[in-house]
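So you can see what is in the structure, the chains are spelled out below.
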Amino acid sequence: MAKVLVKGNEAIAQAAINAGCQCYFGYPITPQSEIGEYMGKHLPKLGRTFITAESELASINMVIGAGTTGTKAMTSSSSCGIALMQEAFSAMCCAEVPGVIVSVMRGGPGLGNIAPAQADYFQALKGGGNGDYKLIVLSPSTVQEAIDLTYKAFHLALTYRNPVMLLADGILGQMMEPAEFGEYPYKDPDVSEWALSGANNRPARNIVSLHMPEGAMEELTNRIFEKYALVAKNETMYEDYMLKDAKLVLTAFGSVGRVAKAAVNRARKMGMKVGLFRPITLFPFPDKALHQVAQNADMILDLELNKGQMLLDVRSAVFGACPVEFYGRTAGGLLTPDMIMAKIEELYKKLDNTEESKAGVR
Amino acid sequence: METLVYKRPESLLKDGHFTFCPGCGHGVILRIIAELIDEFNLQKDTIAISSVGCSIFLEKFFNLDVAGASHGRSPCVATGIKRCKPDKFVFTYQGDGDAATIGFNETIHTACRGEHITTIMINNTNFGMTGGQASATTLVGQVTTTTPMGRKPELTGYPLHAAEIVSKCDGTAFAARVAITDTKHIRQAKEAIKKAFEMQIKGLGYSFVEVLAACPTNWHMTPVESVEHISNVIETVHTLGVFKDITAKENL
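Just so we're clear, the structure is a prediction, and the values are computed from it rather than from any experiment. (Residues numbered from 1 in each chain as written. Chains lettered and ligands numbered in written order. Predicted model: local features only at pLDDT ≥ 70, side-chain atom pairs only at ≥ 80, totals over all residues.)

### A few points about the packing of helix α3 (residues 56-68) of chain A against helix α5 (residues 86-95) of chain A
Residues and elements named next belong to chain A.
Okay, so step 1: Axis separation between α3 and α5 bottoms out at 9 Å; the angle between their running directions is 20 degrees. What the angle tells us is that α3 and α5 run roughly parallel. The chirality of how α3 crosses α5 is right-handed. Judged by residue contacts, Ile-60, Asn-61, Ile-64 and Gly-67 of α3 engage Ala-88, Ala-91 and Met-92 from α5.
Okay, so step 2: Residue classes in the contact of α3 with α5 are distributed as five nonpolar, two polar and no charged. (Axes fitted to C-alpha atoms, helices over the stretch in contact; angles between N-to-C directions. Helix = DSSP H or I, 4+ residues; strand = E, 2+ residues; numbered from the N terminus. Parallel < 35°, antiparallel > 145°, perpendicular 65-115°, else oblique. Left-handed = near helix turned anticlockwise from the far one by under 90°. Contact = placed C-beta atoms within 7 Å. Nonpolar A, V, L, I, M, F, W, Y, C, P; charged D, E, K, R; others polar.)

Right, dumping it as structure tokens:
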């Protein structure tokens, strides 16, 4: 299949269709409304379901309904809309209901603005919903990766019976670039063992999130966390770029990852040993790999379009192996390669640039 | 010659026991639903959606597939299920706190979309499970734990009449309010729920039956007093009737 010029939001929508998404339930919000519009145009023609729900709360609960039948379903929203869905994410994780959520982040907090941002990392990764639960969170940095990770999102949701979030931002949602769709590459698991279909020639079954008997909820949560450990073992993804001899390692996710890569290329041309570590799965976070990288680096510079959110996971993974600096902008402020270069030059001067430095003795 | 006068519906679990307070209306309504699902031979094709409140433990009573929903969201869960499995029989079982208070927006929009699902809403005019707080359907003057001096309209407004409002939605095929205060009313309630189920089976639209039910524990009344309270007081505010039946002309 040839490459096509496609907008991020529409690429995600088409990838979902290719992945076999049977239902889209959504509520419009900038900067991701094109996803709903694309679905509204194409799903009915395919005999599939499209509903503009009364709210984001309704949308995600419709996804739950579809998910309990083992059907591939999706919703999409942005920041303040995703905030309304948090109750349902928690319920889905508890009841083990699959579903795909696309979050195209805008500026916040509050209604914020409609400019790109990455300030919903905590929202995606650190809850908002109640209780111990985790979304699987995938973070694309290009339109091509948005397509590939949309495919993966549907597969992981069914494989692990857990909601999966594609965490994009307004830059990726609104930009156009060439990308190739290809075929949906996964073979999905059989859902007939657990999905609701009516108690026909089998005992009645239920998918619920209330477990009152003493100990039942803890036992269930422990089992679900064993599942999360399996997800971490099997599904962790990251990109490493020019890390082999890097003294200064940039960490960035999503759109910022590609800006950081441009900065790495420039720094290398100037003779500075700079590399990039870009988590692709934010949960599971590639903490072991990042710790290894930190052990061989002199410093990490975390770059985000927020006030320092992934920073907490970076520090936790680095665990003191090297200093961690942060540089970011928020609520629509963007990082350019020039800005990142200025920061790199400032920090690089402070490093031990003798042959005895960690990178030097390697 | 032996005549079978009582049979436990197949749609109720053999070892399931209702866990409701003495005099509570839920058991009667669940029994009616189970009987009707048997009569329509839908047991193998039904997905029930439980809600939050005393209506939550459906999987402990019904021998049916059950999906649980968060507070007020069961019409959305039902919508998702029905759109994926249009050949299945899908109903929500909700209280007034769920369907008429926190989830009334969802109720109304599900009705307006004309989803081919059925909602049975148990109205006991309070939040039963949490201990009897005022809900949207609480009567003016009614004493609850959050209206200890009685519901005052100047402070908390007036009771919401769910079945009447739902009946005004174009996607609604059937909307009624029934009671289960005596054998006659139980039979009428069963007829109404049967009609509601038929609407879904025939694919005619959304169907909604509100059932006035006693909550003796939170009303601080005996079961008998509670039933009399429904007949003498609640029915004067939440009046019984069929507010919409799009098949009514056919039946004449």
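### Comments concerning the interface of chain B and chain A
Quite often, the size of an interface is put as the accessible area lost when its parts meet.
Okay, so step 1: Listed per partner, the contact involves 31 residues of chain B and 33 residues of chain A.
Okay, so step 2: For the side of chain B that touches chain A, the elements supplying multiple residues, two or more each, are β1 (46-50), β2 (65-68), α3 (74-84) and α5 (104-113) of chain B.
Okay, so step 3: No other element matches α3 of chain B, which puts eight residues into the side of chain B that touches chain A.

### A few points about the sheet that holds strand β4 (residues 118-123) of chain B
Adjacent strands of a sheet pair through backbone hydrogen bonds, lying either parallel or antiparallel.
Okay, so step 1: Strand order in the open sheet formed by eight strands is β9(A)-β2(B)-β1(B)-β3(B)-β4(B)-β6(B)-β5(B)-β7(B), with mixed pairing between adjacent strands. Of all the strands in the sheet, the pair left with one neighbour each is β9 (206-207) of chain A together with β7 (241-245) of chain B.
Okay, so step 2: Pairing geometry for β1 of chain B and strand β3 (residues 89-95) of chain B, over four bridges, is parallel. Bridged to Ile-49 of chain B within β3 of chain B is Thr-92 of chain B.
Okay, so step 3: The strands that α3 of chain B touches are β1, β2, β3 and β4 of chain B; relative to β3 of chain B, the one it contacts most, it runs at about 175 degrees. (Pairing = 2+ DSSP bridges.)

### So, the domain arrangement of chain A
Residues and elements named next belong to chain A.
Okay, so step 1: Taken domain by domain, chain A holds domain 1 (4-198 + 207-235) and domain 2 (239-361).
Okay, so step 2: Where the side of domain 1 that touches domain 2 is concerned, the elements lending two or more residues are α6 (121-125), β6 (136-138), β7 (163-169), α8 (170-174) and α9 (216-235).
Okay, so step 3: For the side of domain 1 that touches domain 2, the element with the highest residue contribution is α6, accounting for four residues.
Okay, so step 4: Tallied by class, residues from the side of domain 1 that touches domain 2 come to 19 nonpolar, eight polar and three charged. (Domains from an automatic or database assignment.)

### Quick word on unusual backbone geometry
Residues and elements named next belong to chain A.
Okay, so step 1: The linkage connecting Thr-30 with the following residue, Pro-31, adopts the cis geometry, with an omega of 10 degrees.
Okay, so step 2: Among the structural elements, Pro-31 can be located in the loop between β2 (23-26) and α2 (33-42).
Okay, so step 3: Note that the residue after Gly-108, namely Pro-109, is joined by a cis bond; omega there is 5 degrees.
Okay, so step 4: Note that Pro-109 resides in the loop between β5 (99-105) and α6.
Okay, so step 5: Positive phi values are uncommon outside glycine, yet Glu-96 reaches one of about 60 degrees.
Okay, so step 6: Structurally, Glu-96 can be placed in the loop between α5 and β5.

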